[in-house]
There are 2 protein chains.
Amino acid sequence: MASQGTERVSSQQLSERLDLSAAQIRKDLAQLGELGIRGVGYDIAGLVERLTKVLRLDQGYRMVVVGMGNLGRALSAYFGFNHGAFVVVAGVDPDPEKFGLDVGGFTVRPLEDLAQIVRDEGVDLGVLAVPASAAQESYDRLVAAGVRGVLNFAPAQVQAVPQAPLKSVDLRIYLEELVFSLPEDAEPDSSSISTE
Amino acid sequence: MASQGTERVSSQQLSERLDLSAAQIRKDLAQLGELGIRGVGYDIAGLVERLTKVLRLDQGYRMVVVGMGNLGRALSAYFGFNHGAFVVVAGVDPDPEKFGLDVGGFTVRPLEDLAQIVRDEGVDLGVLAVPASAAQESYDRLVAAGVRGVLNFAPAQVQAVPQAPLKSVDLRIYLEELVFSLPEDAEPDSSSISTE
DNA sequence: AAGACTTTGTGAAGGATGTCACAAGGTACC
DNA sequence: GGTACCTTGTGACATCCTTCACAAAGTCTT
Ligand SMILES: NC(=O)c1ccc[n+]([C@@H]2O[C@H](COP(=O)([O-])OP(=O)(O)OC[C@H]3O[C@@H](n4cnc5c(N)ncnc54)[C@H](O)[C@@H]3O)[C@@H](O)[C@H]2O)c1
Ligand SMILES: NC(=O)c1ccc[n+]([C@@H]2O[C@H](COP(=O)([O-])OP(=O)(O)OC[C@H]3O[C@@H](n4cnc5c(N)ncnc54)[C@H](O)[C@@H]3O)[C@@H](O)[C@H]2O)c1
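Below is a short write-up of the structure. (Residues numbered from 1 in each chain as written. Chains lettered and ligands numbered in written order. Predicted model: local features only at pLDDT ≥ 70, side-chain atom pairs only at ≥ 80, totals over all residues. Heavy atoms only, no water.)

1. Description of the interface of chain B and chain A
Phase 1: Listed per partner, the contact involves 64 residues of chain B and 63 residues of chain A.
Phase 2: Approximately 5700 Å² of surface area, both sides summed, lies buried where chain B meets chain A, with 62% of it carried by carbon and sulfur atoms.
Phase 3: The largest per-residue losses of area from chain B upon contact with chain A belong to Arg 56, Arg 148 and Leu 175 of chain B, which jointly make up 12% of the total buried on that side.
Phase 4: Between Glu 177 of chain A and Lys 167 of chain B there is a salt bridge, and its shortest N-O distance comes to 2.9 Å.
Phase 5: Along the contact surface separating chain B from chain A lie ten residue pairs in polar contact (both at pLDDT 80 or more). (Contact = heavy atoms within 4.5 Å. Buried area = accessible area lost by both parts, 1.4 Å probe. Salt bridge = Lys/Arg side-chain N within 4 Å of Asp/Glu carboxyl O. Polar contact = N/O pair within 3.5 Å; in protein donor to acceptor, adjacent residues only side chain to side chain.)

See the structure below:
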């Protein structure tokens, strides 16, 4: 809305876009102070500014990707585009064949350089795109190197320390949610069942 | 647990693994009938079987990936490994340079073949890995081709029809949640802010 | 300036969800 | 068989979250 130049928005309009009740929108926004103007609505630029600050997105976060396989490269190219507050500044991998590979504005470097990269580049966050078996070890490595948080894409249970919060993304969950939301009637064929 | 050969589990043990209260586990599982045995706990094989059925994961789902860029190829290789009930059977792209490219057990085919592929291969689900600007169009195409549900990775608001539920995954949210969970004290540098 | 109209902020009510605590049912050992 | 010990299933309670409904505060028109 802001990028389209709209100036004001009502809780009613927001509720339609976000699929929530208008009362919910107002209750939530009121938590941040009196942001709206009665009879008028909310100032979009003001909302964006306030929310950006509350969500701590008013500062830059520098990231390093660990594991430059299929997913690591895709993420680097994606986040590398500088989505808002986030920039990927480096990617590391233990596989020498990947060293020097160009992705999203930087080249892949050896895993051993991690600590140095974090220090020199002022890295804040780590992204794990390594095999599940290497997830815990990689997390520990990132923490030792000094990152302040880690986003994990490996389907593994990783033990985290409070100094470096961990957030895990398991894409399989989305597939499961999708099939659960499917209309009941005719279910698909069962030719490809496999019990892992 | 099942793959490790463990036979039984108590609500207490589950609560520790899942970070929920034991009472919560019991209340939830009791919804599916009396699955447990008092004084003993739950039979793991039985639980897996019951949950698999309830979540409709007891049947195979065949998928097609639309958009064979960085993410599409990564996802194909990932899901192509046949995670439980899911198999990627095809990938399509409008870019002729990508035709014939080999990923995760199949080759990339032209976008125009989509309808035919869905019909011939008995595809149930579609995966959107296209630019945001092409998301709606691609969703419509998938629905017209006959898929029963769509998983979308493009950061776009797509209008869905009830016959083909849509589930969207926005990875940026995870980054935002991660920085919000960071310890308050010293926030990182602000040298790389950009307002998109 | 007054009246008609909007839209926010918010107590109060209602609904949903989570926790407690214990009887019911089961095992294990003598 | 009897006793000690577990662990589930579940009402009763507590807590949290959402919706309702309206006063307060603003705009717009005349
Ligand atoms: N590909 C996807 O779409 C996708 C989606 C969700 C999750 N995942 C998960 O993400 C992870 C990576 O997936 P991928 O498809 O990119 O696999 P991949 O095999 O293509 O890449 C893994 C990379 O990690 C590197 N690596 C191996 N051991 C390492 C270690 N100890 N430290 C650092 N790097 C190491 C490898 O050299 C390789 O480059 C896996 O755990 C996978 O389950 C992948
Ligand atoms: N790369 C990531 O890690 C990542 C993560 C999350 C979300 N996404 C989103 O996923 C989408 C794809 O990302 P990407 O990095 O793979 O981009 P990409 O540019 O590498 O790939 C996009 C692909 O879509 C194809 N395409 C273009 N128009 C199309 C159309 N009308 N129909 C079908 N295919 C079409 C292109 O030929 C290209 O192969 C984007 O919307 C991106 O924002 C990417």
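Let us keep going from here.
2. Observations regarding helix H2 (residues 22-30) of chain A
Three or four residues apart is the spacing at which side chains of an α-helix point the same way, because the helix has 3.6 residues per turn.
All names here are of chain A.
Phase 1: Of all the residues in H2, the buried ones are Ala 22, Ile 25 and Leu 29. Around the axis of H2, the buried residues are gathered within 60° of arc, so they sit on the same side.
Phase 2: For H2, the secondary structure elements touched by its buried residues are helix H1 (11-18), strand S3 (41-43) and helix H3 (44-54). (Buried < 20%, exposed > 50% of the residue type's maximum accessible area, 1.4 Å probe, protein only. Helix = DSSP H or I, 4+ residues; strand = E, 2+ residues; numbered from the N terminus. Arc of directions from axis to C-beta.)

3. Description of the protein's contact with DNA strand D
Phase 1: The environment of DNA strand D is made up of 19 residues, and the closest members are Ser 21 of chain A together with Ser 11, Arg 38, Gly 39 and Tyr 42 of chain B.
Phase 2: Here DNA strand D approaches the protein such that, of its atoms within 4 Å, sugar and phosphate make up 66%.
Phase 3: Here a base oxygen of DNA strand D sits 3.3 Å away from a polar atom, N or O, in the side chain of Lys 27 of chain B.
Phase 4: Of all the secondary-structure elements, those providing two or more residues to the surface near DNA strand D are H2 of chain A together with helix H2 (22-30), strand S2 (36-37) and strand S3 (41-43) of chain B.
Phase 5: If one sorts the elements of the surface near DNA strand D by residue count, H2 of chain A sits on top with three residues.
Phase 6: Grouping the amino acids of the surface near DNA strand D by side-chain chemistry returns five nonpolar, seven polar and seven charged. (Near = heavy atom within 4 Å. Nonpolar A, V, L, I, M, F, W, Y, C, P; charged D, E, K, R; others polar.)

4. With respect to the pairing of strand S9 (residues 149-152) of chain B
All names here are of chain B.
Phase 1: Because side chains alternate across S9, one face comprises the buried residues Gly 149 and Leu 151, and the other comprises Val 150 and Asn 152, equally buried.
Phase 2: When strand S8 (residues 125-128) meets S9, the two strands line up parallel, connected through four bridges. Its bridge partner being in S9, Val 127 is matched across the sheet by Leu 151.
Phase 3: As paired strands, S9 and strand S10 (residues 166-168) are joined by three bridges and run parallel to one another. Its bridge partner being in S10, Val 150 is matched across the sheet by Leu 166. (Pairing = 2+ DSSP bridges.)

5. Structural notes on the relation of the copies chain B and chain A
Phase 1: It takes a turn of 180° to lay chain B on chain A, together with a shift of 0.0 Å along the axis; the resulting RMSD is 0.1 Å. In symmetry terms, the pair is related by a two-fold rotation axis.
Phase 2: An overlap of 98% is found between the interface residues of chain B and their copies at the interface of chain A, pointing to a shared contact surface. (Least-squares fit on C-alpha atoms with pLDDT ≥ 70 in both.)

6. Observations regarding the packing of aromatic side chains
Residues and elements named next belong to chain A.
Phase 1: Applying the stated rule across the entire model yields four aromatic pairs over all chains.
Phase 2: Aromatic pair Tyr 61 and Phe 86: ring centres 5.6 Å apart, planes at 25°, arrangement stacked. On the criterion of sequence distance, the pair formed by Tyr 61 in strand S4 (residues 61-66) and Phe 86 in strand S5 (residues 86-93) is long-range, its members being 25 residues apart. Here Tyr 61 and Phe 86 have matching classes, each one buried. (Phe/Tyr/Trp six-rings, centres within 6.5 Å; stacked < 30°, edge-to-face > 60°.)

7. Things to note about the protein's contact with DNA strand C
Phase 1: Taken together, 22 residues are adjacent to DNA strand C, and Ser 11, Gly 39 and Tyr 42 of chain A together with Ser 21 and Lys 27 of chain B come closest.
Phase 2: Across the atoms of DNA strand C situated within 4 Å of the protein, the share located in sugar and phosphate is 62%.
Phase 3: One of the side-chain nitrogen or oxygen atoms of Ser 11 of chain A is found 2.6 Å away from a phosphate oxygen of DNA strand C.
Phase 4: Separating a base nitrogen of DNA strand C from a backbone N or O atom of Gly 39 of chain B is a distance of 3.2 Å.
Phase 5: Going through the elements one at a time, H2, strand S2 (36-37) and S3 of chain A together with H2 of chain B are the ones with two or more residues in the surface near DNA strand C.
Phase 6: Looking at which element gives the most residues to the surface near DNA strand C, the answer is H2 of chain B, with four residues.

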